[in-house]
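# Examining the three-dimensional arrangement
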Amino acid sequence: MDEQALLGLNPNADSDFRQRALAYFEQLKISPDAWQVCAEALAQRTYSDDHVKFFCFQVLEHQVKYKYSELTTVQQQLIRETLISWLQAQMLNPQPEKTFIRNKAAQVFALLFVTEYLTKWPKFFFDILSVVDLNPRGVDLYLRILMAIDSELVDRDVVHTSEEARRNTLIKDTMREQCIPNLVESWYQILQNYQFTNSEVTCQCLEVVGAYVSWIDLSLIANDRFINMLLGHMSIEVLREEACDCLFEVVNKGMDPVDKMKLVESLCQVLQSAGFFSIDQEEDVDFLARFSKLVNGMGQSLIVSWSKLIKNGDIKNAQEALQAIETKVALMLQLLIHEDDDISSNIIGFCYDYLHILKQLTVLSDQQKANVEAIMLAVMKKLTYDEEYNFENEGEDEAMFVEYRKQLKLLLDRLAQVSPELLLASVRRVFSSTLQNWQTTRFMEVEVAIRLLYMLAEALPVSHGAHFSGDVSKASALQDMMRTLVTSGVSSYQHTSVTLEFFETVVRYEKFFTVEPQHIPCVLMAFLDHRGLRHSSAKVRSRTAYLFSRFVKSLNKQMNPFIEDILNRIQDLLELSPPENGHQSLLSSDDQLFIYETAGVLIVNSEYPAERKQALMRNLLTPLMEKFKILLEKLMLAQDEERQASLADCLNHAVGFASRTSKAFSNKQTVKQCGCSEVYLDCLQTFLPALSCPLQKDILRSGVRTFLHRMIICLEEEVLPFIPSASEHMLKDCEAKDLQEFIPLINQITAKFKMFMPLLHAIFEVLLRPAEENDQSAALEKQMLRRSYFAFLQTVTGSGMSEVIANQGAENVERVLVTVIQGAVEYPDPIAQKTCFIILSKLVELWGGKDGPVGFADFVYKHIVPACFLAPLKQTFDLADAQTVLALSECAVTLKTIHLKRGPECVQYLQQEYLPSLQVAPEIIQEFCQALQQPDAKVFKNYLKVFFQRAKP
């Protein structure tokens, strides 16, 4: 071996050595016999360096995984012998190998096993067991190999081909027949031998049992000797977590419902009599989290048994199963209410399914009602934040609590399905008592009281948020709580979580304000002052900006009396803050978008006459236009790139804000009706010069493009005079990438105003521009533009706009059509070729009949028919490629469409002129024309593929 290269395997080696080692590894992988050197090094124990040993295993792994079938029988035998010799050596080593080497060795054994077990090495396990016997070091490796085999055969995270999946099924079937009982016996012996002397090996063995139990015969494990031993392990501190997981896998295994019930009940009896159900006596939270998972598994298994028995009509056993479930509820509640969220989270599945059963019962017993109430109280308590929650800097723990809260919400929703009245009454009780004394109550209790009210909105569903009509008792309870919320003063609570919950709830129940509009002014003030948009926390300000816009939109009819006051109060929040003033504005530009939209909504939906609306909209947008002009001048003069970027950002925000105000308009309230056309046309005139700014083109063009999209929707034909100059600016000095981004806008303009050629001229110009020979990215951009261009033409022809092309004059039409022919034939890009054939067949369908445009029939025979043959005959047209086959399929459709539209004339042309010119034999011409005339298009598609496969050398 190259000793110098091997030095680079050390993690502390410098990068040159590491590079050399990597290159050496690649070299050994492709070398036909280098693996033998590695095999020898492992068998002879040539190297003591751990990284070199690992490296040798990696080379062997590559050989087994990718090149095994290329080896001779002797070489394959050598790999088997190498691994067995290495294993034998481990029994004698004074020190065990490092864990990472043992794991890698186990992976190589597992790969060899799946490759050879069914054919050459049926005695794999017996050979390994005869080497390792009960030697602890050998047992450790044996168990690692078993885990590696399980992950090769069963691991759901590993993606297998259908071939591998079939092989794996066959391996498992063969193992069940030939060796599983022996393996199970070996596990029992290992557990018995090491349970008191070697906890590491025992835990490993329990993990193996847990992994294999899902696919072997359960009776091999679920029997007295095994289960008693596992239950014994539950009382040994170092083993009990692993024993718990192993029992969970046993309980989880699918089986007959009555047998499952008996198994779970017998386990529970033993666990209960051993004191495991006394949760409050247990201090080890890690164990309790595993135990909670086990109880959850037992509970859910009983519920599955109950469902199956009900379905089968076995009422007697179903009753027993329900009884068994009920006796676990007290334990479930203890775990659900546990202060550790992991323990609580692990039992939620059982809890959820139990409520699902109750939902199906027609009458609940007193005990069941009490259980529902206990679950409800537990959920309310567990929803509460703890003291440690960091609101300013949320990390992993906080994210986990947020996820846990989502699980609890599902429980609350399920509770509402079982007993909506009880849920409403419980929430009302907690809410009222907390809000009466909010000034002296801890933040987490105030937050959870408001949160519960918020959650009721989804838990007690109604259509269109109509919580305050219909069921009188429910409506009045919610109305009372909302009234308390907005009049109690709790919006002033000095904690961000309470403030945010207040605003979220107010917006969630916006319909309340249509019933009691007198509360709108005080809620608006909360939004606008230090409690909301001017809060000291940026997080609160940001969320409030969004919620404020939702609140105003949903209550726009009630907003009229407050419009001018609100617009005055938000004036400073609308300021465009240029990069140089150093002043940190209260809201980010994303938040400001919501404020601009809100201002637009207030103006547009007001009851003011059009002149007043226009004046207010002008007041809103004029400062933006003025700032825009100044900043654009500054950008033109800016030298420093960083400053250019921040100015361009600011200009882009200004355009974005103006765009956002236009979202307020609708079919009922158009720009014209509101008298605002002139203001937006002024904006357009202000923003368009940015398109010819040579600096920061990407960002400026993207903003103005979006604004144009909006204006085409809002201003309709009033925007037309600006389109030519806008297009000219957009298309001047255009790169392929810019054009590709501009095409959606062209689509919109073409669909709306039927303008076409000036836009296409610009595209032609870029497509015809010669590219640098080795500039890969320019070539790729051009290819993407070509695809976008053809996709655009496909849209035009396919969406009833083909007359747009037809109206461009004969010369222009021909120019466009020729580009499509070129796309179909000349560029080796099957995606674009497919699109071109779709366009051609569509045009033939539209114009190919007797009444089509003058000269089109000639074009069909001169260009379209030849394209259908020249494209597939090209060497680059690879019929083994899936995309190319799709292109050929569209080519077949084109030919069929020509035949459909032109009839016998088309067949005659192919028979007498075109196909003879390609030197096609007469009998093949005959065969081709017969296939073309078949009514079933599929027959012709299949024929065409064969035709071109034969035609190609």
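Quick look at the structure, then. (Residues numbered from 1 in each chain as written. Predicted model: local features only at pLDDT ≥ 70, side-chain atom pairs only at ≥ 80, totals over all residues. Heavy atoms only, no water.)

### Observations regarding the overall build of the protein
Summing up its helical and strand segments, the protein has 46 helices and 0 strands in all. Over its C-alpha atoms the protein spans a radius of gyration of 38 Å, topping by over 25% the 30 Å that the globule rule assigns to 953 residues. Its C-alpha atoms give the protein principal-axis dimensions of roughly 90 × 90 × 65 Å. Going through the 953 residues of the protein one by one, you find that 51% of them count as buried. Across the protein, the fraction of contacts at a sequence separation of at least 24, relative to all contacts at a separation of at least 6, is 72%. Approximately 44,000 Å² of the protein is accessible, and the part contributed by carbon and sulfur atoms is 51%. (Helix = DSSP H or I, 4+ residues; strand = E, 2+ residues; numbered from the N terminus. Rg over C-alpha atoms; globule rule 2.2 N^0.38 Å. Buried < 20%, exposed > 50% of the residue type's maximum accessible area, 1.4 Å probe, protein only. Contact = heavy atoms within 4.5 Å. Areas by Shrake-Rupley, 256 points an atom, 1.4 Å probe, with all protein chains shown as cover.)

### Topic: the layout of surface pockets
Counted as a void, the largest pocket has a volume near 710 Å³. When residues of the lining of the largest pocket are traced back to their parent elements, those giving at least two are α18 (341-346), α20 (366-382), α21 (396-418) and α23 (443-459). Of the residues forming the lining of the largest pocket, the biggest block, 7 residues, is contributed by α21. Of the residues contributing to the lining of the largest pocket, the split by class is 7 nonpolar, 4 polar and 14 charged. (1 Å grid on protein atoms, 1.4 Å probe; cavity = no way out; pocket = protein on both sides within 12 Å on 5 of 7 lines; lining within 4 Å. Points joined across faces, edges and corners; volume = space filled by probe spheres on them. Nonpolar A, V, L, I, M, F, W, Y, C, P; charged D, E, K, R; others polar.)

### What about unusual backbone geometry?
Notably, D133 is not glycine yet its phi reads approximately 50°, a positive angle. With respect to the helices and strands, the residue D133 is situated in the loop between α7 (124-132) and α8 (136-153). Its identity is not glycine, yet Q919 carries a phi of approximately 60°, on the positive side. Note that Q919 resides in the loop between α44 (904-917) and α45 (922-932).

### Some details on the pattern of salt bridges
A side chain of one charge can pair with a side chain of the opposite charge when the charged atoms of the two come close. With the rule as written, the count across this model stands at 43 salt bridges. A salt bridge links D413 to K409; the nearest nitrogen and oxygen atoms lie 2.6 Å apart. On the criterion of helical spacing, the pair formed by D413 and K409 is a turn pair, its members being 4 residues apart in helix α21. D413 sits in the buried class, given a relative accessible area of 16%. (Salt bridge = Lys/Arg side-chain N within 4 Å of Asp/Glu carboxyl O.)

### Details of the nonpolar core
Grouped together as the largest cluster of nonpolar side chains are 263 residues, with contacts concentrated most on M175, W187 and F291. Once you skip the residues sitting within four places of it in the chain, F291 turns out to touch M234, C244, L271, F276, F277, I279 and L331. Core analysis: the next-biggest nonpolar cluster, separate from the first, contains 56 residues, V813, A832, V920 and Y943 among them. (Core = buried A, V, L, I, M, F, W, Y, C linked by side-chain atoms within 4.5 Å.)

### Re the packing of aromatic side chains
Evaluation of the coordinates by the stated rule reveals 50 aromatic pairs. With 5.2 Å between their ring centres and 85° between their planes, F124 and F125 make a pair best called edge-to-face. Here F124 matches F125 in class, with each residue buried. With 5.4 Å between their ring centres and 70° between their planes, Y546 and F594 make a pair best called edge-to-face. You can see Y546 sitting in helix α28 (residues 538-554) and its partner F594 sitting in helix α30 (residues 589-604), a full 48 residues away along the chain. When its relative accessible area of 25% is taken as the criterion, Y546 is described as partly exposed. An aromatic cluster is built from F468, F502, F503, Y509, F512, F513, F527, F548 and F551, whose rings are joined through pairwise contacts. Here K293 stacks its cationic end above the ring of F248, 4.7 Å away from the centre of that ring. (Phe/Tyr/Trp six-rings, centres within 6.5 Å; stacked < 30°, edge-to-face > 60°. Lys NZ or Arg CZ within 6 Å of the ring centre and 35° of its normal.)

### Things to note about helix α38 (residues 776-798)
Residues that lie three or four places apart on an α-helix share one face, since the helix turns once every 3.6 residues. The first and last C-alpha atoms of α38 sit 32 Å apart over 23 residues, in line with the 33 Å expected at 1.5 Å per residue. Buried within α38 are the following residues: K782, L785, R786, S788, Y789, F790, F792, L793, V796 and T797. (Expected span 1.5 Å × (residues − 1).)

### Looking at the packing of helix α41 (residues 830-847) against helix α42 (residues 856-873)
Put simply, α41 and α42 touch, their axes get as near as 12 Å, and they point 150° apart. As judged from the angle between their axes, α41 and α42 are roughly antiparallel. Judged by the sense of rotation from one axis to the other, the crossing of α41 with α42 is left-handed. Across the interface between the two elements, Q833, F837, L840, L843, V844 and W847 from α41 touch F856, V860, I864, A867, C868 and A871 from α42. Residues that form the contact of α41 with α42 fall into these classes: 11 nonpolar, 1 polar and no charged. (Axes fitted to C-alpha atoms, helices over the stretch in contact; angles between N-to-C directions. Parallel < 35°, antiparallel > 145°, perpendicular 65-115°, else oblique. Left-handed = near helix turned anticlockwise from the far one by under 90°.)

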